Amino acid sequence: MISKMKHLLTALAISGFVISTPITAVASEPSAATIEEGKKLAFSRSKGNCLACHAIKGGSMPGNIGPALVAMKLRYPDKQKLVKKIWGVPELTIPNSIMPPFGRHGILTDSEINTITDYIYTL
Amino acid sequence: MKKTLLIALSLGVSVLATSSMAATIDPEKDRQQLVDFFKAKNPNLAPEEYINGAYIFSADKMAQWEAAEEFPPYLDAIDEGEALYNKDLAVYQKCFGSDVSKIRAKYPYFDEATKQVVTLEGAINKCRTDAGLKPYGWKKGPIAQISAYLADNARGQKIDVKIESEAARAAYEDGRNFFIKPRGQFNLSCSKCHVDNAGRKARANTLSAALGHTTHFPVFRAKWQNLGTLHRRYEGCQKNMRAVPYKAQSETYRNLEFYQAYTSNGLEINGPGYRE
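The model shown is predicted, which means the values in this text are computed figures rather than measured ones.

(A) Spotlight on the overall build of chain A. Across its full length, chain A carries five helices and zero strands. For chain A, the α and β elements follow one another from N to C terminus as α-α-α-α-α. Relative to all contacts within chain A whose residues are 6 or more apart in sequence, the contacts with residues 24 or more apart total 52%. For chain A, the accessible surface area stands at approximately 7100 Å², while carbon and sulfur atoms represent 65% of it.

(B) Examining the interface of chain B and chain A more closely. Every contact between the two is made by 20 residues of chain B and, on the other side, 22 residues of chain A. A buried area of about 1700 Å², summed over both sides, lies between chain B and chain A, and 53% of it is on carbon and sulfur atoms. For the interface between chain B and chain A, the tally reads zero salt bridges. Between the two partners, chain B and chain A, sit nine residue pairs in polar contact (both at pLDDT 80 or more). Among the secondary structure elements, those contributing two or more residues to the side of chain B that touches chain A are α2 (15-19), α10 (190-196) and β3 (201-202) of chain B. Its residues assigned to classes, the side of chain B that touches chain A shows nine nonpolar, six polar and five charged.

(C) Examining the confidence of the model for chain A more closely. The share of residues in chain A with pLDDT of 70 or more is 78%, and the mean pLDDT across the chain is 84. Considering only residues more than four positions removed or in separate chains, one finds that residues 1-26 of chain A, a stretch of pLDDT under 50, has 15 contacts.

(D) Fine view of the packing of helix α9 (residues 166-180) of chain B against helix α12 (residues 251-263) of chain B. Residues and elements named next belong to chain B. Put simply, α9 and α12 touch, their axes get as near as 7 Å, and they point 95° apart. As the angle between them shows, α9 and α12 are arranged roughly perpendicular. Two secondary-structure elements touch here, α9 through Ala 168, Ala 171, Tyr 172, Asp 174, Gly 175, Arg 176, Phe 178 and Phe 179 and α12 through Thr 252, Tyr 253, Asn 255, Leu 256, Phe 258, Tyr 259, Gln 260, Tyr 262 and Thr 263. Class assignment of the residues belonging to the contact of α9 with α12 gives a composition of ten nonpolar, five polar and two charged.

(E) Layout of the nonpolar core. Among the nonpolar cores identified, the biggest contains 65 residues, and Phe 38, Tyr 85, Phe 96 and Leu 150 of chain B are the most heavily contacted of them. Discounting residues that sit within four places of it in the chain, Tyr 85 of chain B has contacts with Tyr 92, Phe 96, Gly 97, Val 100, Ile 103, Ile 146, Tyr 149 and Leu 150 of chain B. Residues Val 89, Ile 98 and Ile 120 of chain A together with Leu 188 of chain B belong to the second largest nonpolar core, which totals 33 residues.

(F) Looking closely at the pattern of salt bridges. Residues and elements named next belong to chain B. On inspection of all chains with the given rule, the structure shows 14 salt bridges over all chains. Across the pair Glu 276 and Lys 61 runs a salt bridge whose closest N-O atoms are separated by 3.2 Å. Taken as a pair, Glu 276 in the segment after β7 (273-275) and Lys 61 in helix α4 (residues 59-70) lie far apart in primary sequence, 215 residues in all. Residue classification places Glu 276 among the partly exposed residues on the basis of a relative accessible area of 42%. Close ionic contact of Arg 169 with Glu 166 constitutes a salt bridge, the shortest N to O distance being 2.9 Å. Placement of both Arg 169 and Glu 166 in helix α9 is noted, with a separation of three residues, approximately one turn of the helix. Look at the salt bridges and you will find they share partners, linking Glu 166, Arg 169 and Glu 173 into a network.

(G) Representation of unusual backbone geometry within the structure. All names here are of chain B. Here the amide bond leading from Tyr 107 into Pro 108 is cis, since omega sits at -5°, within 30 degrees of zero. With an omega dihedral of -5°, the bond running from Gly 271 to Pro 272 counts as a cis peptide bond. Along the chain, the position of Pro 272 falls in the loop between α12 and β7. Notably, Asn 187 is not glycine yet its phi reads approximately 60°, a positive angle. You can see Asn 187 is positioned in the loop between α9 and α10. A positive phi angle is found at Arg 203, which is not glycine, with a value near 50°.

(H) Fine view of the packing of aromatic side chains. Residue and element names in this part refer to chain B. Going through the model one piece at a time under the given rule, you end up with 18 aromatic pairs over all chains. Consider the rings of Phe 37 and Phe 38, whose centres lie 5.3 Å apart with planes at 75°: the pair is edge-to-face. For Phe 37, a relative accessible area of 1% translates into the label buried. Judged by its relative accessible area of 1%, Phe 38 is buried.

(I) Summary view of helix α4 (residues 79-87) of chain A. All names here are of chain A. Of the positions making up α4, those classed as buried are Gln 80, Leu 82, Val 83, Ile 86 and Trp 87. Burial along α4 is one-sided: seen end-on, the buried residues are contained in an arc of 155°. Sitting at the amino-terminal end of α4 is Asp 78, which places a side-chain oxygen 3.0 Å from the backbone nitrogen of Gln 80. Where α4 terminates, the next one or two residues include Gly 88, which has phi positive at roughly 95°.

The rules behind the values
Residues numbered from 1 in each chain as written. Chains lettered and ligands numbered in written order. Predicted model: local features only at pLDDT ≥ 70, side-chain atom pairs only at ≥ 80, totals over all residues. Heavy atoms only, no water. Helix = DSSP H or I, 4+ residues; strand = E, 2+ residues; numbered from the N terminus. Contact = heavy atoms within 4.5 Å. Areas by Shrake-Rupley, 256 points an atom, 1.4 Å probe, with all protein chains shown as cover. Buried area = accessible area lost by both parts, 1.4 Å probe. Salt bridge = Lys/Arg side-chain N within 4 Å of Asp/Glu carboxyl O. Polar contact = N/O pair within 3.5 Å; in protein donor to acceptor, adjacent residues only side chain to side chain. Nonpolar A, V, L, I, M, F, W, Y, C, P; charged D, E, K, R; others polar. pLDDT = per-residue confidence, 0-100. Axes fitted to C-alpha atoms, helices over the stretch in contact; angles between N-to-C directions. Parallel < 35°, antiparallel > 145°, perpendicular 65-115°, else oblique. Core = buried A, V, L, I, M, F, W, Y, C linked by side-chain atoms within 4.5 Å. Buried < 20%, exposed > 50% of the residue type's maximum accessible area, 1.4 Å probe, protein only. Phe/Tyr/Trp six-rings, centres within 6.5 Å; stacked < 30°, edge-to-face > 60°. Arc of directions from axis to C-beta.

This is the structure we're talking about:
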């Protein structure tokens, strides 16, 4: 029962996510302000806290649990895939990985994830 | 096991979670696998070294820590623990016998009569209430001080937790399941940090290995500026996972301690300890 409920919730959450994606798909190049905002969200301990695990250019005292976030465009030619990776869609989640599913678990909003993606896509 | 281990080592993903598919867990085999995992991960570290927590991963940190341990901030707490113990000496002697060096190493153990894990702190408070004395708070203060006094008297003895019944085995498995199951908003498990990523850094904090987690408690933490019990630490880590912590000395945490202590069998008791 509990696991059924969980599936249902995940499905709901994911479909909510899918609905929100076209918004980014049509969005044009992010502004400098958006990128700066994304950096703030990524570095903030109470938001993305990406530095806990990833080295990021300009971030002090990063952890070394995950890979350094560099050359993101090269590794993710499809920007939506990067959004989904951070959101935590099951298909892109490595089993038992320590990386939190930021969207699926409601740690960040879809719009915060989009903004963070805009920023790390510049790295 | 070999394949799982290799995958886990290269990706930093959970070796415990993958091997938990097995029908029932054999504690001794399970413990050995954990030891083997750390041997494979850190060939230069002997299992005995893990009692010193995260410091074993950095020569610099180790040197700083060793300097701190030369005149450690928990010395007063040991003295206070001794005074508290002697204040109710007759009561404690009835429960624990007259040799204070023979107490710490008996805990935790599985009580076959009540089918419950008994921890040292639990036994101290039960001893008090049975004698009509007020119980102490579970996480710091007098209970941690007495625990520190008893640990200090048992230094150098080895952890030797026994599992001799199906019920005890089940308590181990319960603690183990708790340890590996992701929980909380961050979807973290204890093992993701303290097994898979032990030795790596979360920001500036090096993650200690699960092996040896119970040997040196209670701990004086610089962050706390006083002594705290193992279950206080459990609560803290659960909060960091954005999970709702269990209560100190709840059955869940007692089983978790039982699991963690069993996997540390053969390691030296070196409590109380100092940590950042």
